[in-house]
Amino acid sequence: MKIKLEQLKKEAIGKLDDFLALVEKTPQEAQEKFRELEQQFLGRKGKLAILLKDLKDLGEDVRKESGEFANNIKKDLEGRFGEVFAKIKIAEPTDASIDVTLPGTKKELGSLHPVTIIQKEIEDLFSSIGFMILDGPELESDYFNFEALNVAPHHPARDMQDTFYLDKKNENGEYDLLMRTQTSPMQVRAMKKYGAPLRAIIPGRCFRSEATDSRHEHTFYQLEGIMIDKKINFSHMKGIMDLVGKRLYGEDTGLKMRPKFYPFVEPGSNGEYTCFLCGGKGCRVCKNTGWLEIVGCGLIHPEVLLAGGIDPEEYSGFAFGFGLNRLVMLKYGIDDIRLFNGGDIRFLEQF
Ligand code: DAH
């Protein structure tokens with residue numbers, strides 16, 4: 001009996017050793033074969049079970065001894081089968097199972113463009129004080145972009161704003177379509193549509209025929225603002241400009257207004273804010289002046305009110321225009337305006 005049991009053990013171990021080679025080569029097939037082998041030796045009708053049936057024919061002493069011996073062999077074999085089964089599990093291809101404890105695949109998230117971030121900040125401020133937020137056409141007529149804004153066809157101010165003209169006639173058969181050079185044409189459009197009193201801001205994309213460099217770009221963003229009511233004067237405008245400066249650069253920000261000519265306002269002004277970097281002491285960003293030129297503004301010219309169908313004897317108002325790209329460049333220390341439209345993911349990912 002003992003000899004038969006020893007032989008059985010040897011046979012089973014031999015088969016398991018052969019089997020291990022299969023595990024490395026084809027792990028999936030090995031799993032099926034393993035169950036067969038296990039049944040063959042340790043199953044209810046397996047070789048060991050058949051041998052143990054003979055135990056009952058033995059004399060009592062021998063039966064007890066052989067029984068113990070058989071039990072040890074059984075435990076031994078079960079141990080060996082267990083080890084081999086563990087190896088099959090390790091060799092299994094990974095797609096056959098899902099390990100729920102592994103970290104998931106990270107999804108790439110987009111982010112807002114820096115111009116959008118600042119635009120939203122300013123929109124928040126103005127909508128909180130009762131301004132509408134309007135949108136306007138990028139393809140404009142010469143009339144709204146220039147003439148209605150008091151810039152006659154041969155006015156020298158047009159030189160500063162050369163743009164892209166369309167080789168297409170308008171409905172009156174005239175060549176007067178162009179890519180807007182500023183958001184200001186929306187002043188007259190808004191007046192015509194909503195009349196007075198009026199409070200609106202208009203963010204948007206503008207175009208100029210520029211030789212591009214780090215400070216000039218053919219496509220850029222502005223944010224226009226307009227407020228019209230009875231008895232609006234310069235101090236209202238100053239108050240609003242001051243509010244924007246403090247919101248953008250902090251409570252200690254000062255505002256300085258210098259006269260500047262814009263054909264559609266009278267008087268026109270250039271708003272400068274205390275440099276946020278040096279606090280007015282003078283540095284690289286403000287070119288040692290302590291001030292940053294940020295906004296063009298002024299009291300709306302009576303001709304422009306008239307073009308918008310508003311009586312300048314009854315109403316007055318102010319308008320302003322921010323260069324959004326410039327605001328963003330100053331805020332984030334960006335030194336090349338071409339990065340905004342460059343589509344370089346490495347630039348955009350930083351915001
Ligand atoms: N549109 C002007 C520009 O592009 C900026 C500007 C100046 C807008 C004065 C205004 C204003 O509304 O009042 O240079």
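Residues numbered from 1 in each chain as written. Predicted model: local features only at pLDDT ≥ 70, side-chain atom pairs only at ≥ 80, totals over all residues. Heavy atoms only, no water.

Peer 1: Is there a simple way to think about the state of the cysteines in this case?
Peer 2: Put plainly, two cysteines are in a disulfide when a covalent bond ties their sulfur atoms together. Tallying each qualifying case throughout the model produces zero disulfides. Here Cys275 is not cross-linked by a disulfide; its sulfur's nearest cysteine counterpart is in Cys278, at 3.6 Å. The class for Cys275 is buried, based on a relative accessible area of 1%. (Disulfide = S-S within 2.5 Å. Buried < 20%, exposed > 50% of the residue type's maximum accessible area, 1.4 Å probe, protein only.)

Peer 1: Please clarify how the site of the ligand should be interpreted in this entry.
Peer 2: Of all residues adjacent to the ligand, which total 16 residues, the nearest are Gln182, Ser184, Arg208, Gln222 and Glu224. For the ligand, a nitrogen atom lies 2.7 Å from a polar atom in the side chain of Gln182. Phe320 places a polar main-chain atom, nitrogen or oxygen, 3.3 Å from an oxygen atom of the ligand. When the free accessible area of the ligand is taken as 350 Å², the share hidden by the protein chains comes to 91%. Of the residues in the shell around the ligand, the class split is six nonpolar, eight polar and two charged. (Near = heavy atom within 4 Å. Polar contact = N/O pair within 3.5 Å; in protein donor to acceptor, adjacent residues only side chain to side chain. Areas by Shrake-Rupley, 256 points an atom, 1.4 Å probe, with all protein chains shown as cover. Nonpolar A, V, L, I, M, F, W, Y, C, P; charged D, E, K, R; others polar.)

Peer 1: What am I meant to see in unusual backbone geometry here?
Peer 2: With the exception of glycine, the majority of residues adopt a negative phi angle, and the majority of peptide bonds are in the trans configuration. Look at the link from Ala196 to Pro197: it is a cis peptide, with omega at 0°. Summarising the element assignment, Pro197 is placed in the loop between helix 7 (185–194) and strand 4 (198–207). Here the bond from Glu266 into Pro267 is cis, since omega is 0°, no more than 30 degrees from zero. Position of Pro267 among the secondary structure elements: in strand 7 (residues 265–274). (Helix = DSSP H or I, 4+ residues; strand = E, 2+ residues; numbered from the N terminus.)

Peer 1: I would appreciate a short explanation of the packing of helix 5 (residues 114–128) against helix 10 (residues 324–332) in the present structure.
Peer 2: Running from N to C, helix 5 and helix 10 point in directions that differ by 105°, and their axes come no closer than 9 Å. In terms of axis orientation, helix 5 runs roughly perpendicular to helix 10. Counted together, Pro114, Val115, Ile117, Ile118, Gln119, Glu121 and Ile122 of helix 5 and Leu324, Asn325, Leu327, Val328, Lys331 and Tyr332 of helix 10 form the full contact between these two elements. (Axes fitted to C-alpha atoms, helices over the stretch in contact; angles between N-to-C directions. Parallel < 35°, antiparallel > 145°, perpendicular 65-115°, else oblique. Contact = heavy atoms within 4.5 Å.)

Peer 1: Whenever I open this one, the pattern of salt bridges confuses me. Can you help?
Peer 2: Two side chains of opposite charge can pair, provided their charged atoms sit close to one another. Scanning the model with the defined rule gives 14 salt bridges in all. Linking Lys331 and Glu121 is a salt bridge whose minimum nitrogen-to-oxygen distance equals 3.7 Å. With Lys331 in helix 10 and Glu121 in helix 5, the pair connects residues that are 210 residues apart, well separated along the chain. Taking the shortest distance from any N to any O, the salt bridge between Arg338 and Asp336 comes out at 2.9 Å. Residues joined by salt bridges that share partners form a network here, namely Lys256, Arg258, Glu272 and Glu293. (Salt bridge = Lys/Arg side-chain N within 4 Å of Asp/Glu carboxyl O.)

Peer 1: What exactly am I supposed to notice about helix 10 here?
Peer 2: Residues separated by three or four positions in an α-helix point in the same direction, a consequence of the helix having 3.6 residues per turn. Among all positions of helix 10, only Leu324, Asn325, Leu327, Val328, Met329 and Leu330 are buried. Where helix 10 is buried, its residues touch helix 5, strand 5 (219–229), helix 8 (234–249), strand 8 (291–300) and strand 9 (316–323). Of the residues trailing helix 10, Gly333 is marked for its positive phi of about 70°.

Peer 1: Is there a simple way to explain a negative patch on the surface in this structure?
Peer 2: A cluster of acidic side chains, namely Asp159, Asp162, Glu210 and Asp213, defines a negative patch on the protein surface. In this fold, Asp159 is placed in the loop between helix 6 (142–145) and strand 3 (177–179). (Patch = residues over 30% accessible without salt bridge, like charges linked within 9 Å, V, L, I, M, F, W, Y side chains within 5 Å. Lys, Arg positive; Asp, Glu negative; His and termini not counted. Charge placed at Lys NZ, Arg CZ, Asp CG, Glu CD.)

Peer 1: When you look at the domain arrangement of the chain in this model, what are you seeing that I'm missing?
Peer 2: On domain assignment, one finds that the chain holds domain 1 (2–97) and domain 2 (114–348). If you average the C-alpha positions of domain 1 and of domain 2, the two centres end up 86 Å apart. (Domains from an automatic or database assignment.)

Peer 1: Mind showing me how you'd approach the side chain of Asp336 here?
Peer 2: Structurally, the position occupied by Asp336 is in the loop between helix 10 and helix 11 (345–348). Polar contacts involving the side chain of Asp336 include one to the side chain of Arg338, which spans 2.9 Å. With residues near it in sequence (within four places) discarded, Asp336 still touches Asp213, Ser214 and Met329.

Peer 1: I keep staring at the packing of helix 5 against helix 8 and nothing clicks. Help me out?
Peer 2: A pair of packed helices is characterised by two quantities: the angle between their axes and the separation of those axes. Closest axis-to-axis distance for the helix 5/helix 8 pair is 11 Å, and the angle between their directions is 135°. Of the possible angle classes, the one that applies to helix 5 and helix 8 is oblique. Considering how the two elements wind past one another, helix 5 and helix 8 form a crossing that is right-handed. Contact with helix 5, carried on its side by Glu121, Ile122, Asp124, Leu125 and Phe126, involves Ile240, Leu243, Val244, Arg247 and Leu248 of helix 8 and no other residues of that element. The residue makeup of the contact of helix 5 with helix 8, split by class, is seven nonpolar, no polar and three charged. (Left-handed = near helix turned anticlockwise from the far one by under 90°.)

Peer 1: Explain the nonpolar core here, please?
Peer 2: Nonpolar side chains tend toward joint burial in soluble globular proteins. Formed by 40 residues in total, the largest nonpolar core has its most connected members in Phe126, Met241, Tyr273, Ile294, Phe320, Phe322 and Leu327. For this core, the secondary structure elements donating two or more residues are helix 5, strand 5, helix 8, strand 6 (255–259), strand 8, strand 9 and helix 10. No other element matches helix 8, which puts six residues into this core. If near-sequence neighbours (up to four positions away) are discounted, Phe320 is found in contact with Phe126, Ile201, Leu223, Glu224, Gly225, Ile226, Met241, Val295, Gly296 and Cys297. (Core = buried A, V, L, I, M, F, W, Y, C linked by side-chain atoms within 4.5 Å.)

Peer 1: In this structure, what is going on with the sheet that holds strand 7? I would like to understand it.
Peer 2: Within a sheet, neighbouring strands are paired by backbone hydrogen bonds and run either parallel or antiparallel to one another. Overall, mixed pairing links the seven strands, which are arranged 1-4-5-9-8-7-6 in an open sheet. The two strands at the open ends of the sheet, each matched to only one other strand, are strand 1 (132–133) and strand 6. Here strand 8 pairs with strand 9 via five bridges, running antiparallel. Bridge pairing in strand 9 links Leu299 to Phe318. (Pairing = 2+ DSSP bridges.)

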